[in-house]
Amino acid sequence: MNLKKKYLDYFESLGHVVIPSAPLVPENDPSVLFNTAGMQPLIVYLMGEDHPYGKRLCDVQKCVRLTDLDSIGDETHHTFFEMLGNWSLGDYFKHESIEYSFNFLTKVLNIPVEKLAITVFKGDDKIPRDDVSAKRWMDLGIKKDRIAYLGRDDNFWIAGESGPCGCDTEIFYWRSLDPVPIVFDVLDERWVEIWNNVFMEYYQDADGNISELKKKNVDTGMGVERTVAILEGVNDNYLSSIWHDALELLKKISNLPYEGNEKSMRIILDHIRTAVFIAADPSGIKPSNTNQGYILRRLIRRCIRHARKLNIDLNSNFEEEIAKVFINLYKDTYKELGENEEVVLEVLRTEKEKFNKTLEKGLKVFDKLTKDMKDVDSFTAFHLYDTFGFPIELTVEVAHEHDMNVDLEGFEKLFKEHQKKSRTASQGMFKGGLSGNSDMEIKYHTATHLLNAALRKVVSKDVHQKGSNITSERLRFDFSCDHKLSLDELAKVEDLVNEWIKADYKVEKLTMKKEEAISSGAECMFIDKYPDIVSVYKIGDVSKELCGGPHVEHTGVLGKFKIKKEESSSAGVRRIKAVLE
Ligand code: SER
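Asker: Help me understand the overall build of the chain in this model?
Answerer: A tally of regular secondary structure across the chain gives 18 helices and 16 strands. The globule rule puts the C-alpha radius of gyration for 581 residues at 25 Å, and the 26 Å found for the chain is close to it. A principal-axis box enclosing the C-alpha atoms of the chain has dimensions of 75 × 65 × 45 Å. Residue burial in the chain is summarised as follows: out of 581 residues, 54% are buried. For the chain, the share of sequence-separated contacts (at least 6 apart) that also reach a separation of at least 24 residues comes to 70%. Computed over 80 positive and 96 negative side-chain charges, the inter-centroid distance for the chain is 2 Å.

So, in structure tokens, the structure goes:
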């Protein structure tokens, strides 16, 4: 059963161009840590930019969602998943989109129409009821009783708080051996959602105001893991063919059956797979205490904790063995997994070794602190959490081993206070949601191209972009370079960028074949990431880079460019922070 291939072949036959998955860590979008949906890397095109591949696209996008982190361990949740998506950028709309989905399910996957049910938007004071979609489904053969009309919470889709959005229609499948009821009851959990078709015709700003987009788009998403499980007739996603080899290996390593150990086994498999994808991503994430690196660290540590529960020898290389199964499974589709295999395995190994040490130290501290206690008090539990990264479950486990209880209520209180503080700290990062790019971010984006070109001219032809991060306040640019830049070099770079801004060069977008772009000397960070036809942004005769945009039209609008800081980012990579004044 190759769902992904069937899906891409089908949409290709309907004139869609298959585009490669974007990296997990979005470039130039500091509002999210990871891509959480196939539409995310396409936001600028959904907002109206022309896509170099045209108006019909489809892909398999690697995604990481962290909202469900606490649900991992049940039958259906995953932190990493693949999303199948097809898009119309101002081309077809509801009529064809619904027909394409219906035919794919009933004719390609041969799902009986009797096993399907649909939800559509019931309308509110701002947007009318979606009768067009409901009628289309009925014309195709869905019975009236199998269509439910729901409100904004269910049938309106937007990523974050603002951005392109619209009502959606969701397709449900009867995942049970019980007879299929005539009337669709959305609350009956035997109906599971498998596909979501969003009709993106609006833009919602941060205040909730809705305006019409330049083009009417379709954005659909179908989760691979869930759909494969359904097609293979298993109710537990982890029993599908995707997980089979890794699960067999884990059973062998732990010498335990799956039954009775499901939760820990699911967590270990899920977290290792996600860690593999994060560590292999071209953005070069390493475990750390902030942002993506923190997530990576947390996933690896949680996995180790559950391995400990299953009495797996933590000094063995169990995590590398399981990681290898996933690397082999996915490396043909995602080349970075094979290419970065050594790095990935090292990340897992080193983080495990570090955590093992913390664990050892923490256990010693536990013994010392609790020596005279009858039960573990909340401060000790919180101290172990805060200083040694001991999750409360671990403290409880260890306490039980010592015949002690833990003041969970007190811990919960301290934990909530702590959470409140860190939430306030991270709010800045998420408040914007996916609002697309602000004018200032667009300016910084163009300034980044100029900076890249100036560095190559002043410092060395060997300077290449290694990463970038833009907010509306500044740009951050990482580039390959073997030395700290001198003040003279920095001044020259700054002057050159300002000279180019003053020259008011035109910023042009060209569309060409990837080979042609590369041989014409266009700069490009991750060559594999781009499709065969690419867009290239050319600024006068000073810069040429492969890039999805958006950019300003003339450099004159950028203002004054100022370098604020130059520092080391990692071995052989320097980092510049700069502002436009
Ligand atoms: N953006 C929608 C989703 O994530 C459809 O792709 O479900």
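Asker: Would you explain the confidence of the model for the chain in this entry?
Answerer: Any region with low pLDDT has predicted coordinates that should not be read closely. Averaged over every residue, the pLDDT of the chain is 90; the share at 70 or more is 96%. Ignoring residues within four places in sequence, the model shows residues 425-436, a span with pLDDT below 50, making 24 contacts including any to other chains.

Asker: How should I be thinking about the packing of helix H9 (residues 291-309) against helix H12 (residues 341-369) in this particular structure?
Answerer: For any two helices packed against each other, one specifies the inter-axial angle together with the distance between the axes. Axis separation between H9 and H12 bottoms out at 10 Å; the angle between their running directions is 65°. For the element pair H9 and H12, the recorded crossing hand is right-handed. Packed against H9, whose contacting residues are Leu 296, Arg 297, Ile 300, Arg 301, Ile 304, Arg 305 and Arg 308, the element H12 presents Val 347, Leu 348, Glu 351, Lys 352, Lys 354, Phe 355, Asn 356, Thr 358, Leu 359 and Leu 363 at the interface.

Asker: How do you make sense of helix H17 (residues 487-502) when you look at a structure like this?
Answerer: Think of an α-helix as turning once every 3.6 residues; residues three or four places apart then point the same way. Between its first and last C-alpha, H17 extends 22 Å over 16 residues, near the 22 Å set by a 1.5 Å rise per residue. Glu 489, Leu 490, Val 493, Glu 494, Leu 496, Val 497, Asn 498, Trp 500 and Ile 501 are the residues of H17 that are buried. Tucked into the core, H17 has its buried residues touching helix H16 (439-458), strand S15 (561-570) and strand S16 (573-580). Positive backbone phi, approximately 50°, marks Asp 504, located one or two places after H17.

Asker: What exactly am I supposed to notice about a negative patch on the surface here?
Answerer: Together, Asp 375, Asp 377, Asp 407 and Glu 409 line one region of the surface with negative charge. Its location among the elements puts Glu 409 in helix H15 (residues 408-430). A residue is classified by how much of its surface remains accessible, and Glu 409, at 71% relative accessible area, is exposed.

Asker: For this particular structure, what's the right way to read the pairing of strand S4 (residues 116-121)?
Answerer: Two faces belong to every sheet, and in a regular strand the side chains alternate between them. Among the 6 residues in S4, 6 count as buried, and that is most of the element. The side-chain alternation of S4 yields two buried faces, one formed by Leu 116, Ile 118 and Val 120 and the other by Ala 117, Thr 119 and Phe 121. Sheet topology places S4 next to strand S7 (residues 163-174); 4 bridges connect them, and they run antiparallel. Among the inter-strand pairings, Ile 118 is bridged to a residue of S7, identified as Ile 171. Pairing analysis gives 4 bridges linking S4 to strand S5 (residues 147-150), with the strands arranged parallel. Looking across to S5, one finds that Val 120 is bridged to Tyr 149. Between S4 and its parallel partner S5, the chain crosses via helix H4 (residues 131-140), and the hand of that crossover is right-handed.

Asker: Looking at this model, I keep getting lost on the nonpolar core. Mind explaining?
Answerer: When a protein is soluble and globular, its nonpolar side chains tend to lie buried together. If you look at the biggest cluster of nonpolar residues, it comprises 102 residues, and the most contacted ones within it are Phe 104, Leu 105, Trp 137, Trp 195 and Ile 322. Here the element with the most residues in this core is helix H8 (residues 262-280); it accounts for 11 residues. Discounting chain neighbours no more than four positions away, the residues touching Leu 105 are Asn 110, Ile 111, Leu 116, Ile 171, Ile 194 and Trp 195. Membership of the second largest hydrophobic core comes to 34 residues, among which are Val 497, Tyr 537, Cys 547 and Leu 558.

Asker: Would you mind showing me how to read the site of the ligand here?
Answerer: If you check the shell around the ligand, you find Ala 37, Met 39, Arg 65, Met 83, Trp 157, Asn 196, Val 198, Asp 219, Thr 220 and Gly 221 and nothing else. Contact between the ligand and Thr 220: an oxygen atom at 3.2 Å from a main-chain N or O atom of the residue. Considering every element that reaches the shell around the ligand, the biggest residue donor is strand S9 (residues 210-223), with 3 residues. Within the shell around the ligand, the residues separate by chemical class into 5 nonpolar, 3 polar and 2 charged.

Asker: I'm lost on the sheet that holds strand S13 (residues 533-539) in this one. Help?
Answerer: Neighbouring strands of a sheet are bound in pairs by backbone hydrogen bonds; such pairs are parallel or else antiparallel. The strand order across the open sheet built from 3 strands is S12-S13-S14, with neighbouring strands paired in antiparallel fashion. Looking at strand neighbours, the two that pair on one side only are strand S12 (507-513) and strand S14 (543-546), the edges of this open sheet. Taken pair by pair, the neighbouring strands of this sheet meet at an average axis angle of 25°, ignoring direction. Sheet topology note: the S12/S13 ladder contains 7 bridges and is antiparallel. For Val 507, the partnering residue across the bridge sits in S13 and is Ile 539.

Asker: Sorry, what's going on with the packing of helix H7 (residues 241-254) against helix H10 (residues 318-330) here?
Answerer: At a closest axis distance of 10 Å, the pairing of H7 and H10 adopts a crossing angle of 165°. Relative to H10, the element H7 is oriented roughly antiparallel. Every pair of crossing elements has a handedness; the one defined by H7 and H10 is right-handed. On H10, the residues touching Ile 242, Trp 243, Asp 245, Ala 246, Leu 249, Leu 250 and Ile 253 of H7 are Phe 318, Glu 321, Ile 322, Val 325, Phe 326, Leu 329 and Tyr 330. Looking at side-chain class alone, the contact of H7 with H10 contains 12 nonpolar, no polar and 2 charged residues.

Asker: How should the side chain of Asn 452 be read in this particular structure?
Answerer: Note on placement: Asn 452 falls in helix H16. Side chain to side chain, Asn 452 and Glu 545 meet in a polar contact 3.0 Å long. If near-sequence neighbours (up to four positions away) are discounted, Asn 452 is found in contact with Val 463, Gln 465, Phe 477, Glu 523 and Glu 545.

Asker: Whenever I open this one, the packing of aromatic side chains confuses me. Can you help?
Answerer: Aromatic ring pairs: the centre-centre distance and the angle between the two ring planes describe each pair. Following the criterion strictly, the structure yields 28 aromatic pairs and no others. A centroid spacing of 5.7 Å and a plane angle of 20° characterise the contact between Phe 411 and Phe 415, whose relative ring orientation is stacked. Linking Phe 411 with Phe 415, this pair stays in helix H15, spanning 4 residues, or about one helical turn. Classification of Phe 411 by relative accessible area gives buried; the value is 4%. Three or more aromatic residues link up through ring pairs in this structure, and these residues are Tyr 7, Tyr 10, Phe 11, Tyr 92, Tyr 100, Phe 104 and Trp 195. When the ring centre of Tyr 149 is taken as origin, the NZ or CZ atom of Arg 129, which lies over that ring, is 3.9 Å away. A cation over an aromatic ring shows up here: Arg 152 above the ring of Phe 156, its NZ or CZ 4.5 Å from the ring centre.

Quick notes on the rules
Residues numbered from 1 in each chain as written. Predicted model: local features only at pLDDT ≥ 70, side-chain atom pairs only at ≥ 80, totals over all residues. Heavy atoms only, no water. Helix = DSSP H or I, 4+ residues; strand = E, 2+ residues; numbered from the N terminus. Rg over C-alpha atoms; globule rule 2.2 N^0.38 Å. Buried < 20%, exposed > 50% of the residue type's maximum accessible area, 1.4 Å probe, protein only. Contact = heavy atoms within 4.5 Å. Lys, Arg positive; Asp, Glu negative; His and termini not counted. Charge placed at Lys NZ, Arg CZ, Asp CG, Glu CD. pLDDT = per-residue confidence, 0-100. Axes fitted to C-alpha atoms, helices over the stretch in contact; angles between N-to-C directions. Left-handed = near helix turned anticlockwise from the far one by under 90°. Expected span 1.5 Å × (residues − 1). Patch = residues over 30% accessible without salt bridge, like charges linked within 9 Å, V, L, I, M, F, W, Y side chains within 5 Å. Areas by Shrake-Rupley, 256 points an atom, 1.4 Å probe, with all protein chains shown as cover. Salt bridge = Lys/Arg side-chain N within 4 Å of Asp/Glu carboxyl O. Pairing = 2+ DSSP bridges. Right-handed = clockwise from strand over helix to strand, strands pointing away. Core = buried A, V, L, I, M, F, W, Y, C linked by side-chain atoms within 4.5 Å. Near = heavy atom within 4 Å. Polar contact = N/O pair within 3.5 Å; in protein donor to acceptor, adjacent residues only side chain to side chain. Nonpolar A, V, L, I, M, F, W, Y, C, P; charged D, E, K, R; others polar. Parallel < 35°, antiparallel > 145°, perpendicular 65-115°, else oblique. Phe/Tyr/Trp six-rings, centres within 6.5 Å; stacked < 30°, edge-to-face > 60°. Lys NZ or Arg CZ within 6 Å of the ring centre and 35° of its normal.

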